[in-house]
Amino acid sequence: MISVLGQSIIVILTVAYAMLVVMATRLTYRLMVDRGVEENVAIYYNRKIVHMAAGGVASFLVPILFVAPIYPMLTGLLLSVLVYIPYRTGKRLFWLQTAENKNDVKFTMMWGLSIFLLWTLFEDPWLAIIPSVFMAFGDGVTGIVRNAFFKRRTKSWIGNFFMVLVCIPLGYLLGNAAQIPIPWWGVVAAIFSSFIEHFEFGPIDDNILITASATAVLFVGAGL
């Protein structure tokens, strides 16, 4: 019971931390707009800041703070609800959200589900966070580079180039930290997910493709 209570508190604190990052980006939005950055560009930068500062940091904390895969999944689902509510009520977080897509909802959902799936299958939290780390830091850097070059949301391959540079060392290090080390499968997952990020298929956005592709590669590698 104490463990469940303690883990529940950690879930709440992790959600609170992520939402604090979300609210803090209202300040970065204002700073950028006041300096002449276009609103859509500032919003896109903010999304990637949240990717890394919330999703990325939380990913690395998962093996340290949580004792079972259900808790990061609950964290992801709670965050999905919290970021969806502004869309539902018509009160979007204007410094972060756009009417064109709800990819931030998919990000939080895939974050929790991918960790839950891999951790449940292989009983290894370090292996489980690899797809979410790719989605947070790899896609985060990808978006920042593209935004800096083009000042709009685009799928230019230059972003994928920088993503693979970020993801390969992360995949190797986290794969090597697994209970049964598979560092080179972490590298393969990094390359594959960095390539697949370039594409979107209707409602299946890059958040889904990155986590799904990396999960599939790791499933093969860890299952061998």
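Look above for the structure.
Here's what I pulled together on the structure shown here. These figures come from a predicted structure and were not determined experimentally. Along each chain, residue indices are assigned from 1 in the same order as the chain's sequence is written. Per-residue local features are limited, in this predicted model, to residues with pLDDT of at least 70; the limit for side-chain atom pairs, both in listing and counting, is 80 or more; totals at the level of whole chains, interfaces and linings are taken over all residues. As a rule here, side-chain values cover all heavy atoms of the structure and leave hydrogens and water aside.

### Here's the deal with the packing of helix H3 (residues 70-89) against helix H4 (residues 103-122)
Axes, fitted as lines to C-alpha atoms, cover a helix only where it is in contact. Angles between the N-to-C directions of the axes lie from 0 to 180 degrees. Put simply, DSSP marks the helices as runs of H or I at least four residues long and the strands as runs of E at least two long, and each gets a number from the N terminus on. Remark: H3 packs on H4, axes separated minimally by 8 Å, with the N-to-C direction vectors making an angle of 170°. The pairing of H3 with H4 is recorded here as roughly antiparallel in orientation. For the pair H3 and H4, the contacting residues are Ile70, Pro72, Met73, Thr75, Gly76, Leu79, Ser80, Val83, Tyr84 and Tyr87 in the first and Asp104, Val105, Thr108, Met109, Trp111, Gly112, Leu113, Ile115, Phe116 and Trp119 in the second. Any angle from 65 to 115 degrees is called roughly perpendicular, while one under 35 is roughly parallel, one over 145 is roughly antiparallel, and all others are oblique. The contact criterion used throughout is that any non-hydrogen atoms of two residues lie within 4.5 Å.

### Let's talk about the environment of Tyr71
Examined against the element boundaries, Tyr71 turns out to sit in helix H3. With a 1.4 Å probe rolled over the protein chains alone, any residue whose accessible area is under 20% of its type maximum counts as buried; one over 50% counts as exposed, and the rest are partly exposed. By relative accessible area, which is 11% here, Tyr71 ends up buried. Tyr71 sits 27 residues away from Tyr44 along the chain, and the two C-alpha atoms are 29 Å apart. What Tyr71 contacts, discounting residues up to four positions off in sequence, is Val4, Gln7, Val11 and Phe66.

### Quick look at the nonpolar core
In this description, a nonpolar core means a group of buried Ala, Val, Leu, Ile, Met, Phe, Trp, Tyr and Cys residues linked to one another through side-chain atoms lying within 4.5 Å. If you look at the biggest cluster of nonpolar residues, it comprises 52 residues, and the most contacted ones within it are Val62, Phe66, Ile115, Phe134 and Leu218. What Leu218 contacts, discounting residues up to four positions off in sequence, is Leu118, Phe122, Leu127, Ile130, Pro131, Ile182, Trp185, Gly186, Ala189 and Gly223.

### What about a nonpolar patch on the surface?
Patch membership needs two things, relative accessible area over 30% and no salt bridge, and members are linked within 9 Å if like-charged or within 5 Å if nonpolar (Val, Leu, Ile, Met, Phe, Trp, Tyr). Note on areas: Shrake-Rupley, 1.4 Å probe, and residue coverage restricted to the protein chains presented here. In the sections that follow, a salt bridge refers to a side-chain nitrogen of Lys or Arg positioned within 4 Å of a carboxyl oxygen of Asp or Glu. There is a patch of nonpolar side chains on the surface, built from Ile70, Leu74, Leu77, Met109 and Leu113 and spanning about 360 Å² of accessible area. Contributions of two or more residues to the nonpolar patch are made by H3 and H4. Of the residues forming the nonpolar patch, the biggest block, three residues, is contributed by H3. Here Leu74 is to be found in helix H3.

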